[in-house]
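# Coordinate analysis (summary)
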Amino acid sequence: MTKLPEINTQAMLDFLSELLKTPSPTGLAEPAIALTEHSLAAFQALQLARTRKGALVATWTGERDDLPRAVTAHADTLGAMVKEIKANGRLKLTRIGGFAWNTVEGEGVEVISSKGRRIRGSILLTRASSHVYGSEVNELKRDDGNIEVRLDARTGSEKETRDLGIEVGDFVAFDPRLEMTAGFIRSRHLDDKACVAVLVAAVKALADAGLKPAHTTTLFISNYEEVGHGAAAGIPADVEELVVVDMAAVGEGQTSDEFHASLCVKDSGGPYHHGLSEKLRHLAEDNHIPYRVDIYPFYGSDGEAFWSAGGDVAVALIGPGVDASHSYERTHTEALVATANWLVAYLLSE
Ligand SMILES: [Zn+2]
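Now for a look at the structure at hand.

What counts, and where the lines are drawn
Residues numbered from 1 in each chain as written. Predicted model: local features only at pLDDT ≥ 70, side-chain atom pairs only at ≥ 80, totals over all residues. Heavy atoms only, no water. Helix = DSSP H or I, 4+ residues; strand = E, 2+ residues; numbered from the N terminus. Rg over C-alpha atoms; globule rule 2.2 N^0.38 Å. Buried < 20%, exposed > 50% of the residue type's maximum accessible area, 1.4 Å probe, protein only. Contact = heavy atoms within 4.5 Å. Lys, Arg positive; Asp, Glu negative; His and termini not counted. Charge placed at Lys NZ, Arg CZ, Asp CG, Glu CD. Polar contact = N/O pair within 3.5 Å; in protein donor to acceptor, adjacent residues only side chain to side chain. Donors = N, O, S within 2.8 Å, 3.2 Å for Na, K, Ca; no water. Tetrahedral: all angles 85-135°; square planar, octahedral: opposite > 155°, others 65-115°. Axes fitted to C-alpha atoms, helices over the stretch in contact; angles between N-to-C directions. Parallel < 35°, antiparallel > 145°, perpendicular 65-115°, else oblique. Nonpolar A, V, L, I, M, F, W, Y, C, P; charged D, E, K, R; others polar. Expected span 1.5 Å × (residues − 1). Pairing = 2+ DSSP bridges. Phe/Tyr/Trp six-rings, centres within 6.5 Å; stacked < 30°, edge-to-face > 60°.

Assigned secondary structure in the protein consists of nine helices and 19 strands. By the compact-globule yardstick of 20 Å for 350 residues, the protein fits well, its C-alpha radius of gyration being 21 Å. For the protein, the spread of C-alpha atoms along the principal axes amounts to about 65 × 40 × 40 Å. For the protein, with 350 residues in total, the buried portion stands at 54%. Contacts spanning at least 24 positions in sequence make up 76% of the contacts within the protein whose residues lie at least 6 apart. Across the protein, the 34 positively charged side chains and the 50 negatively charged ones have centroids separated by 7 Å.

Turning to its location among the elements, Glu 241 is positioned in strand β13 (residues 241-245). A polar side-chain atom of Glu 241 sits 3.4 Å from a polar atom in the side chain of Arg 69. When residues no more than four places from it in sequence are discounted, the contact partners of Glu 241 are Pro 68, Arg 69, Ala 70, Leu 276, Lys 279, Val 313, Ala 314 and Tyr 346.

Another aspect to go through is the coordination of the zinc ion. Coordination sphere of the zinc ion, protein contribution only: His 74 (NE2), Asp 191 (OD), Asp 246 (OD) and Asp 246 (OD), at 1.9 to 2.5 Å. Taken together, the four donor atoms coordinating the zinc ion span angles of 52 to 140° at the metal, a pattern that classifies the geometry as irregular. Between consecutive donors of the zinc ion, the numbers of intervening residues give the motif H-x116-D-x54-D. Residue Asp 191 is found in helix α6 (residues 190-208), and its partner Asp 246 is found in the loop between β13 and β14 (248-249); the two are separated by 55 residues along the sequence. Grouping residues by exposure puts Asp 191 and Asp 246 together as buried.

Moving on, we come to the packing of helix α1 (residues 9-20) against helix α9 (residues 333-348). As a packed pair, α1 and α9 sit with axes 11 Å apart at the nearest point and diverge in direction by 110°. In terms of their interaxial angle, α1 and α9 are classed as roughly perpendicular. Packed against α1, whose contacting residues are Thr 9, Met 12, Leu 13 and Leu 16, the element α9 presents Thr 333, Leu 336, Val 337 and Ala 340 at the interface. Looking at the contact of α1 with α9 residue by residue, the class counts come to six nonpolar, two polar and no charged.

What follows is about the environment of Leu 124. Secondary-structure assignment places Leu 124 in strand β7 (residues 118-125). Residues Leu 124 and Gly 106, spaced 18 residues apart in sequence, show a C-alpha to C-alpha distance of 5.4 Å. Apart from residues no more than four positions distant in its own chain, Leu 124 is found in contact with Asn 146, Ile 147, Glu 148 and Arg 150.

Once that is clear, we can look at helix α7 (residues 274-286). With 13 residues, α7 extends 18 Å between its outermost C-alpha atoms, agreeing within 8% with the 18 Å of an ideal straight helix rising 1.5 Å per residue. Contact partners of the buried residues in α7: β13, β15 (261-267), β17 (291-295), β18 (314-322) and α9.

Attention now moves to the sheet that holds strand β6 (residues 108-112). With antiparallel pairing, the six strands of this closed barrel are ordered in space as β4-β5-β8-β7-β6-β9. This sheet shows a mean twist of 40° between the axes of neighbouring strands, independent of strand direction. As judged from the four bridges shared by β6 and strand β9 (residues 171-174), these two strands associate in the antiparallel manner. Bridging across to β9, Ile 112 finds its partner in Phe 171.

On to the packing of aromatic side chains, then. Scanning the entire structure with this criterion turns up six aromatic pairs. Between Phe 99 and Trp 101, the aromatic rings sit 5.5 Å apart at their centres with planes inclined by 85°, giving edge-to-face as the arrangement. Given the relative accessible area of 9%, Phe 99 is considered buried. Taken together, the ring pairs connect Phe 99, Trp 101 and Phe 174 into an aromatic cluster.

Right, dumping it as structure tokens:
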């Protein structure tokens, strides 16, 4: 196997950092989709389009056109929506995506009004002060009724909050709290912005080396993955293979870690495509890519969304190990580079 074109790690991290700082809860992922569109527009070989649902579709004509492929990652993230404006002026929330309230307790948020106005605040327990509520602070169940947003604005009533321009249905984005230290990347929403950055980095590596994919490839940047139907539509019906690039689940009993890319062979939706998974394993071995094979117990992907929607395609899933997924996530640059190299190897494979 010839040497793979090199990943520009700094450019990948710079783009990732910009993407992480761009709020994009499912339903309002447009700013992150637009940012990705802007960065892919730098590569003239790509033809960019949008689905009606707002996903980004980039098509790259390959050396061959008869066995097209697709690769996907998602730009939408977990978040919340204003469910009610309470009599005390604070906000009751409804969750977007699957996570536990305790993982965002105390987090800074941005409430994004329908007119685009942004108001800061934070997620707190309704009985947050231990000096006032004592042991209740420990004991109160973290559920929709006991969690609220305290706005950084002068309001003590429903009317005053409405006067700020806030209404039921406004989106609430959680602060990413990004820190990069000693190769580690700690941030919310690495799922799946890390992989969007990996995809862009793989495209850049090929394009900068004057290469193009072996087969015509559609890059699909999904905007409704966290609620289960992201890639249900928008991937061309004639693609032979779909490689989903999404985070690997790290924890007790898992083989995945923050320094490897993982191949997921089974998750909540059952086994992935054996032939395509085998092909990816061989590519990793041939190119000395540090990888693990794993099973994710509580996990779904856009590959299953496409399968469930009737996609007749071989689907496999790879991605960097992410610790504390759907909580305060962390990965390491090594896992991102491994995943990007793997993707490059796949794009160039016969
Ligand atoms: Zn994901």
